[in-house]
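# Structural description and commentary
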Amino acid sequence: MNQQYYIQLEEEFGAHNYKPLDVVLARGERLWVWDVEGNKYMDCLSAYSAVNQGHCHPKIMQTMIEQAQKLTLTSRAFRNDQLGLFYKELCELTRSHKVLPMNSGAEAVETVIKAVRKWGYKVKGVPHDKAEIIVCENNFHGRTIAIIGFSTENQYRNGFGPFPPGFKIVPFGDATAIEQAITPHTVGVLLEPIQGEAGVIIPPSGYLKDVKAVCEKHDIVLILDEIQTGLGRTGKLLAEEHEDIEADVTVIGKALSGGFYPISAVLSNKEVLGVFMPGDHGSTFGGNPLACAVARTALKVLVEENMIDNSREMGEYFLSQLKTIQSPFIKEIRGKGLLIGVELLPEAGGARRFCEDLKTKGLLCKETHENVIRFAPPLVITKEEIDWAMDRIRPVLTQIPNKEFI
Ligand SMILES: *Cc1c(COP(=O)(O)O)cnc(C)c1O
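Residues numbered from 1 in each chain as written. Predicted model: local features only at pLDDT ≥ 70, side-chain atom pairs only at ≥ 80, totals over all residues. Heavy atoms only, no water.

### Side note on the sheet that holds strand S13 (residues 363-364)
Basically, it comes down to this: Two strands pair under a simple rule: DSSP has to find at least two bridges between them. Working definition: helices are DSSP H or I runs of at least four residues, strands are E runs of at least two. Numbering for both runs from the N terminus.
If you trace the 4 strands from one edge of the open sheet to the other, you get S1-S2-S3-S13, paired in mixed fashion. Strands with a single pairing partner mark the edges of an open sheet, and in this sheet they are strand S1 (25-29) and S13. With 4 bridges joining them, S1 and strand S2 (residues 32-35) adopt antiparallel strand pairing. Considered in S2, the bridge of Glu 29 is made with Trp 32.

Spelled out as structure tokens, the structure:
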């Protein structure tokens, strides 16, 4: 079957809430994927950093198959033999005290909002239903009602209200703005260490440290959404390590399963998660043995196969290579580890056409917002593979693209 057949099925029967590149993928291995017609591409998106370990990692696959043959779901009405081990290994790796497993990233963020609000009432003594959480402009934390309610992106919000109150929005990268927004009702600050969806926005150095100090001073919970920046993406296990801090609460997801299964987790260093009592919160699939087994192996290969160091080293190399491109279209190139954004000038006519052009040359990546191309390949990428990518990226970014995309 050719790709057009599958595209037409999606268009006819699916809701049109995405605008994908028209490439119909059928197989993947490491950072390579193949479409239904057998064409091969380098994946430079990694499913928004959910496939950090590379597509169909053989060890994760083996665990998935073995666990699927034993036990997949018990619900939390009963215990299972994977959950406790998953907790222990994840806590040891991230130096956390407690874990609460969920499925999607957005669900984990919702879980944090509940936990931190309850912590505010029970521990900090904030009056009932008055808790405030400070968030940042251009945030991305998922697509549920509460979360989009504090988005500053029109398209994420328009037509979906009303939204729950209790959030204050401040500029990203400015710790003083956070301090000024604090009231006696403030319970938490929620932010991304690097704003991925906003276009790989890296805050000034020292920002996280300053925010942490502000939070400590005012007895406020610092929550870092590391769903995209965590698990090796920026060259450290967690991006907070770049500034030598520890968030009170960390949210991870995406690469926690290496792309095999939806699993997310809330990690807490203070006793924030301790406020939950039986019946306060739950999820049918959260913490199921299949997810836990897969996540245990996904974490193991990330560490054992040196993917975090590779992300740092290859990220530096990729960034330095990109910075050698002389192009009239480029405004700025920035990145940390293998989370890299190439921001184009408005005159370039949008990032989308460059992504379309790269696709025809065998490299898949996606625009974020109008003008940024994000390069975030699986963390297994080699120097030779970066050179291969550069041989495609360089001409596309320096030549006037195909007319049909303009
Ligand atoms: C992807 C992402 C989410 C949402 O995760 P889902 O699994 O899509 O719900 C939240 N925060 C950040 C920073 C993300 O990148």
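### Examining the pairing of strand S12 (residues 339-344)
Quick reminder of the rule: Accessible area is worked out with a 1.4 Å probe on protein chains only. A residue is then buried under 20% of its type maximum, exposed over 50%, and partly exposed in between.
In terms of burial, S12 is a largely internal element, 6 of the 6 residues being buried. In S12, alternate side chains face the same way, and those of Leu 339, Gly 341 and Glu 343 on one face and Ile 340, Val 342 and Leu 344 on the other are all buried. Looking at chain direction, strand S11 (residues 330-336) and S12 are connected through 6 bridges and run antiparallel. Note on S12: the bridge partner recorded for Glu 332 is Glu 343. Between the end of S11 and the start of S12, which pair antiparallel, lie 2 residues, with Gly 337 showing a positive phi angle near 60°. The pairing of S12 with strand S15 (residues 372-375) spans 4 bridges and is antiparallel.

### Considerations on the environment of Trp 34
Heads up, the condition is: The contact criterion used throughout is that any non-hydrogen atoms of two residues lie within 4.5 Å.
Within the secondary structure, Trp 34 is located in strand S2. Sequence separation of Trp 34 and Gly 362 is 328 residues, and the distance between their C-alpha atoms is 9.8 Å. For Trp 34, the residues in contact, after removing those within four places along its chain, are Val 24, Leu 25, Ala 26, Arg 27, Gly 28, Glu 29, Asn 39 and Lys 40.

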